[in-house]
Amino acid sequence: MDTRKLLQIANKKLLKVTNRPDIVIRKGKGMYLYDTEGNKYLDFVAGWAVNSLGHSPKEVANAIKKQAKTLVNASPAFFNEPMLEYADLITENSCFSRVFFCSIGAEANEGAIKLARKYGAVFKKGASDIITTRNSFHGRTLTTMAASGKTAFEKLFEPKTKGFSKAKFNDISSLKKLITKQTCAVMLEPIQGEAGINLADRDYIKELRNICDKENILLIFDEIQTGMGRTGKLFCYEQYDVEPDIMTLAKGIGGGFPLAAVLAKENLNIFEPGEQGGTYTAQPLAMAVGLAVLKKLLTGGVIENCSKMGSIIMNELNSLSKEYEIENVRGMGLLIGFDLQKTKGADFVNKCLKNGLLINAPQEKAVRLMPALTVREKEIAEMFTVLKKNLEKK
Ligand SMILES: Cc1ncc(COP(=O)(O)O)c(C=O)c1O
């Protein structure tokens, strides 16, 4: 079908949920996407930090092919082989001993919220409130929208789930003021992604852990964006030398395949049968893919590459900031943000798109780079050529 026809279908048949450019993507390979008109795009968004091994990596393609020939779906009522091998590998390589597999980030966060409330019900006389942070993003289900600190969500789809209060990010006294007898957990992203790459301070996270221990409150890390090697360690909590009680993962965990997980400490193995689940939980295809992605991350030098390439990008951005409108360069590994002094983020993204580069602007001034963890120096150089072309001088 030609592009014009495809775009007519897009306009007439899809329930509109977001603004998309008039481009239809046909193919992805490594760091590049290709559209139906034959245009090529250098991808520094990676499906929003999803395609950790690049587009259509052989590990993911082979895992899908092999598993599809063996077992696509059994039933969530049975164990399956890749589920158990994967559960073993992911827990052995984290500080958690239990895992629940599902399909998307919001579903994982809902699971974490339910687990925290169950903990409150069992151990804290029914405490059910959760403190999250301002400007945070935890998903688009009604409960995860309620948990998110995004102001644009506040008045939408009321009534939302009750029981969330929002502390100022990186501010311990703001958090302390919100703790009550009803509090069962604190939930946050160690690096706020959608808010424009806001890094939690080390002292803040350490203090948070101490307070949670003292008050018997669970600490939940939403590592949907920061997990699976993105920050230069397998999990971002390792960067802070702190262990959360619960961690959620999605995005990079499946290398592009829908997959998410809730990981928890042993004392939180407290759901009764039927309280948590879903048709596609621990679905064999997803399990085989997740296992293949994790094996690659553990053995392939990919995470080391992430740290190295991240430093190269940050150094170059810092040096460009002397001449160009770039400021506040920040990030960890390959989750990098900077602000633009003059150009609006969305305009900058569009200009780069016209030059075949995909980047993202999560906030009005903030630009975010989150390429595949396998990005190479020559692709970084190509990205900077386009950035420089579109940046205003100071
Ligand atoms: C930190 C964080 N949590 C949760 C989500 C929601 O994940 P999903 O879109 O897979 O539901 C996102 C997605 O951007 C995210 O960045």
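Residues numbered from 1 in each chain as written. Predicted model: local features only at pLDDT ≥ 70, side-chain atom pairs only at ≥ 80, totals over all residues. Heavy atoms only, no water.

This part is about the overall build of the chain. Each helix and strand counted, the chain has 12 helices and 16 strands in total. At 21 Å, the chain has a C-alpha radius of gyration in line with the 21 Å of a compact globule built from 394 residues. Principal axes of the C-alpha set define a box for the chain whose edges measure 60 × 55 × 45 Å. The buried share among the 394 residues of the chain stands at 54%. Looking at the chain alone, contacts between residues at least 24 apart form 71% of all its contacts between residues at least 6 apart. Working note: accessible area of the chain is about 18,600 Å², and carbon and sulfur atoms make up 51% of it. Charge separation in the chain, taken as the distance between the mean sites of 56 positive and 44 negative side-chain charges, equals 4 Å. (Helix = DSSP H or I, 4+ residues; strand = E, 2+ residues; numbered from the N terminus. Rg over C-alpha atoms; globule rule 2.2 N^0.38 Å. Buried < 20%, exposed > 50% of the residue type's maximum accessible area, 1.4 Å probe, protein only. Contact = heavy atoms within 4.5 Å. Areas by Shrake-Rupley, 256 points an atom, 1.4 Å probe, with all protein chains shown as cover. Lys, Arg positive; Asp, Glu negative; His and termini not counted. Charge placed at Lys NZ, Arg CZ, Asp CG, Glu CD.)

Glancing now at the sheet that holds strand E5 (residues 129-133). One open sheet accounts for 7 strands, arranged E4-E12-E11-E10-E7-E5-E6; its pairing is mixed. Across the chains shown, the open sheet's two edge strands, defined by having one partner strand only, are strand E4 (98-102) and strand E6 (164-167). Mean inter-strand twist for the sheet, computed between neighbouring axes without regard to direction, equals 20°. As paired strands, strand E10 (residues 218-222) and strand E11 (residues 246-249) are joined by 3 bridges and run parallel to one another. If you follow Ile220 over to E11, its bridge partner there is Ile246. Strands E4, E11 and strand E12 (260-264) of the sheet are contacted by helix H4 (residues 81-92), whose axis makes an angle of about 125° with E4. (Pairing = 2+ DSSP bridges. Axes fitted to C-alpha atoms, helices over the stretch in contact; angles between N-to-C directions.)

This part takes up the site of the ligand. If you check the shell around the ligand, you find 13 residues, and the closest are Gly105, Ala106, Asp222, Gln225 and Lys251. Within the backbone of Ala106, an N or O atom sits 2.8 Å from an oxygen atom of the ligand. Starting from 390 Å² of accessible surface for the ligand in isolation, the protein chains cover 84%. The element best represented in the shell around the ligand is helix H5 (residues 105-123), accounting for 3 residues. When the residues that make up the shell around the ligand are grouped by side-chain class, the tally is 4 nonpolar, 5 polar and 4 charged. (Near = heavy atom within 4 Å. Polar contact = N/O pair within 3.5 Å; in protein donor to acceptor, adjacent residues only side chain to side chain. Nonpolar A, V, L, I, M, F, W, Y, C, P; charged D, E, K, R; others polar.)

Here we take up the pairing of strand E2 (residues 32-35). Looking down a regular strand, the side chains alternate between one sheet face and the other. Where strand E1 (residues 25-29) and E2 come together, 4 bridges link them in antiparallel fashion. Bridge assignment links Lys27 to a residue of E2, and that residue is Tyr34. Counting the residues between successive antiparallel strands, the hairpin from E1 to E2 contains 2 residues, one of them, Gly30, with a positive phi of roughly 60°. Relative to strand E3 (residues 40-43), E2 is paired through 3 bridges, and the arrangement is antiparallel. Bridging across to E3, Tyr34 finds its partner in Lys40. As consecutive antiparallel partners, E2 and E3 are separated by 4 residues, and within that stretch Gly38 has a phi angle of approximately 90°, a positive value.

We now examine the sheet that holds strand E13 (residues 326-332). Sheet architecture is open: 3 strands sit in the order E13-E14-E16, paired in antiparallel fashion. For this open sheet the edge positions go to E13 and strand E16 (366-369), each flanked by a neighbour on one side alone. Within this sheet the neighbouring strands show an average axis-to-axis angle of 20°, counted without direction. Relative to E16, strand E14 (residues 335-340) is paired through 4 bridges, and the arrangement is antiparallel. Paired with Gly337 across the bridge in E16 is Arg368.

The next subject is the domain arrangement of the chain. One frequently used descriptor of interface size is the decrease in accessible area upon assembly of the parts. Parsing the chain into structural domains produces domain 1 (3-57 + 301-390) and domain 2 (58-299). Computed from C-alpha coordinates alone, the two centres of domain 1 and domain 2 are separated by 25 Å. Contact residues are listed per partner, giving 29 residues for domain 1 and 31 residues for domain 2. Across the interface of domain 1 and domain 2, roughly 2,400 Å² is buried in total on both sides, 61% from carbon and sulfur atoms. For the domain 1 face of the interface with domain 2, the top three residues by lost area are Pro57, Ile303 and Met332, together amounting to 28%. The tally of links from domain 1 across to domain 2 stands at 1 salt bridge. Close ionic contact of Arg368 with Glu194 constitutes a salt bridge, the shortest N to O distance being 2.8 Å. On inspection of domain 1 and its partner domain 2, the count reaches 16 residue pairs in polar contact (both at pLDDT 80 or more). Counting only elements with at least two residues in the side of domain 1 that touches domain 2, the list comes to helix H2 (46-49), helix H10 (302-320), E13, E14 and E16. Considering every element that reaches the side of domain 1 that touches domain 2, the biggest residue donor is H10, with 4 residues. (Domains from an automatic or database assignment. Buried area = accessible area lost by both parts, 1.4 Å probe. Salt bridge = Lys/Arg side-chain N within 4 Å of Asp/Glu carboxyl O.)

This paragraph deals with helix H8 (residues 202-215). For H8, spanning 14 residues, the distance from its first C-alpha to its last is 20 Å, which sits close to the expected 20 Å at 1.5 Å a residue. Among the residues making up H8, those that are buried are Tyr204, Ile205, Leu208, Arg209, Ile211 and Cys212. One side of H8 holds all its buried residues, which, seen down the axis, span an arc of 165°. With respect to the buried face of H8, the exposed residues turned more than 90 degrees away are Asp203 and Lys214. Buried residues along H8 sit against E5, helix H7 (172-178), strand E7 (183-188) and E10. (Expected span 1.5 Å × (residues − 1). Arc of directions from axis to C-beta.)

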